[in-house]
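The chain contents come next:
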Amino acid sequence: MNDFFMKFIFPKTTLITIGVCTFVFLTYVATMPRELSWGYMKLGIDSPELLTASSLFGITHPPGYPGYTLLLGALMRIFPFVDPPLLGNIFSVLCFVSAIPFLIKLMATISKAIYPEIDPITAYLCSSSAVLLLAFLPLIWGVSTVTEVYTLNIFATSVILFCMVDLLFNKNKSPLFCSYRIFLMSVGISLGLLNHLTILGLFIPVALLLIYSNGSRVFLSRWFLLPLFLIPLGYSYLVLRSGTHFPSNWGNPSDVEGFIWLVRATPYQEYFRYPWEAFSWDRIVFPFRILFTQFGVIPLFICCIGIRCIWLESRRLVVSLLTISVIFAAYSICYVTVDTQVNLIPVLVVGAIFTALGSIEIFRVFTGILKNSVGPVPLAVKKHPRLIVLILFSIPTFSIVVNYDSLSLSGESEAYDRGRMILQLGEDDSIYLLSTEEDVFTSWYVRYVEETSTKKIPIAVPLLQYEWYLKNNLADLDLTNFTHYNINQLASHIINQAYEEGRMVFIADANLYDDVTNDVSNNNVHLIEW
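Not measured: the values here are computed from a predicted model. In this numbering scheme, every chain counts its residues from 1 along its sequence in written order. Predicted model: local features are reported for residues with pLDDT of at least 70 only, side-chain atom pairs are reported and counted for 80 or more only, and whole-chain, interface and lining totals are derived from all residues. For the side-chain quantities, the full set of heavy atoms in the structure was used; hydrogens and water were omitted.

**Q** Sorry, what's going on with the environment of Ile360 here?
**A** A run of H or I in DSSP counts as a helix once it spans at least four residues, and a run of E counts as a strand once it spans at least two, with each numbered from the N terminus. Here Ile360 lies in helix 19 (residues 345-372). Whether a residue is buried, partly exposed or exposed follows from its accessible area with a 1.4 Å probe, protein chains only, as a fraction of its type maximum: under 20%, in between, or over 50%, in that order. Assessed through its relative accessible area of 0%, Ile360 is described here as buried. Expressed as a C-alpha distance, the spacing of Ile360 and Asn511, which sit 151 residues apart in the sequence, is 58 Å. Should any heavy atoms of two residues lie within 4.5 Å, those residues are considered in contact. What Ile360 contacts, discounting residues up to four positions off in sequence, is Ser111, Tyr115, Ile118, Ala123 and Cys126.

Written out as structure tokens, the structure is:
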């Protein structure tokens, strides 16, 4: 009975996967913030806004993230007794943990195709060490323990790559097997496109590889086309919710022009610069610096071994994976923002795949040396060569030990404290002119999720330049006739109107405060000083 249970119900490979998932989940939960947080290195700067939009079923900043908003919003309705920040952080953890089985399986599948003599247990152990290395890279660990869209993208990426590898190396499987993989890959693509359009940088090389290897019938199958209907359905959410006019809503996607403005992330295109427009060696070497600081020397060396091993057996797969890496590396070079390193996450995933294969090659080399060795090699190692694989787990263990203190944020609540501190100023009908994401997003969360009964109005000053923000989100201030004013003029008008109504105004930007106080002499204006 025990043999039957272990062989068919819970084989050892499944137990390895469950063990890795459990360990990562428990470590992430132990280190994730419990309150509203920006996370590690403020990689979760959008976290308060995503929580606000999901709580209200509103519209986030471009490109709108309808898939993420719908999923997290649904969880908030299913578990209304859980604090939104805690639930959002757990959602990120679960997204990454859900990607682990797909990553381990795809690494093991490549291993089996290249090294048929390697037993499954060894392949799974090497794959698990690579996945643990990925999970405890500071960047991955940081975005996986705070409310952010990146781990949902990691999940979609893992599903797509898993299906690609299975279809590539199992062409002769039954039609039912292929249909299931095609359907699952289409679901991953749909989920990725509903989360962020950059997933196209991964899908295009994958599609070209499968068309070349398996033929175009893969993408003409009804099993592939059917889940794609989720994409227009998901983006229709943006159109439907544009009529709610929540103060935290972005854009006006109810018409074609407004929809394109939002989905194309038009406001952020100014951050996109080609290298020749503003050449800088620092930008060119940026992806390599991130890879070096995240992985380290030894894992990168193992990664290079893995590239060579796959190249000898499946050059098309190596070209596709490296093309994905080049696309996202180029994107990180051209898209210059403070958190541009997150655009390299798919590159880190690809690097982990190569590292798994490099680990197996190292295992093969060492076992070969042990078999031919006549020297004083420990008997236990000769009898159980898998003990060599366990040495590979020292790399992710080292990463955990080194990074644990900086990524243990269970008691961190700086973002929540910031929002609370701002809205504690003034009376119940005060107005707040806020300029930074830290101030705007945290205030939105506190005001529209926690303190829904108050009449306080946190205003995003940078958004005053947009007509949709004035008409839809600040209707109470009657700014519809001032759309041609600049930001300072609008701020002055808001202050004058607040003065007439006996309301206090708090400004978080010292430069804006100096500019508007020169135009108006009301004593109801106060500077928020940190």
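Now that the structure has been shown, the text picks up again.
**Q** Would you mind showing me how to read the pattern of salt bridges here?
**A** Should the charged atoms of two oppositely charged side chains come close, the side chains can pair. Any Lys or Arg side-chain nitrogen located within 4 Å of an Asp or Glu carboxyl oxygen qualifies as a salt bridge. Counted by the stated rule, this structure contains eight salt bridges. Between Arg420 and Glu451 there is a salt bridge, and its shortest N-O distance comes to 2.7 Å. Placement of Arg420 in helix 23 (residues 414-423) and of Glu451 in the loop between helix 24 (437-450) and strand 2 (457-460) is noted, with a sequence separation of 31 residues between them. Ionic contacts of the salt-bridge type, sharing partners, join the residues Glu117, Glu361 and Arg364 into one network.

**Q** Would you explain unusual backbone geometry in this entry?
**A** Peptide bonds are, in most cases, trans, and in most cases residues other than glycine have a negative phi. The omega torsion of the bond from Pro62 to Pro63 falls at 10°, within 30 degrees of zero and hence cis. Looking at the secondary structure, you find Pro63 in the loop between helix 3 (47-56) and helix 4 (66-78). Even without a glycine there, the phi angle at Phe57 is positive, about 55°. Positive phi values are uncommon outside glycine, yet Ala265 reaches one of about 55°. Assignment of secondary structure puts Ala265 in the loop between helix 14 (256-263) and helix 15 (281-284).

Keep in mind these values describe shape, not function.
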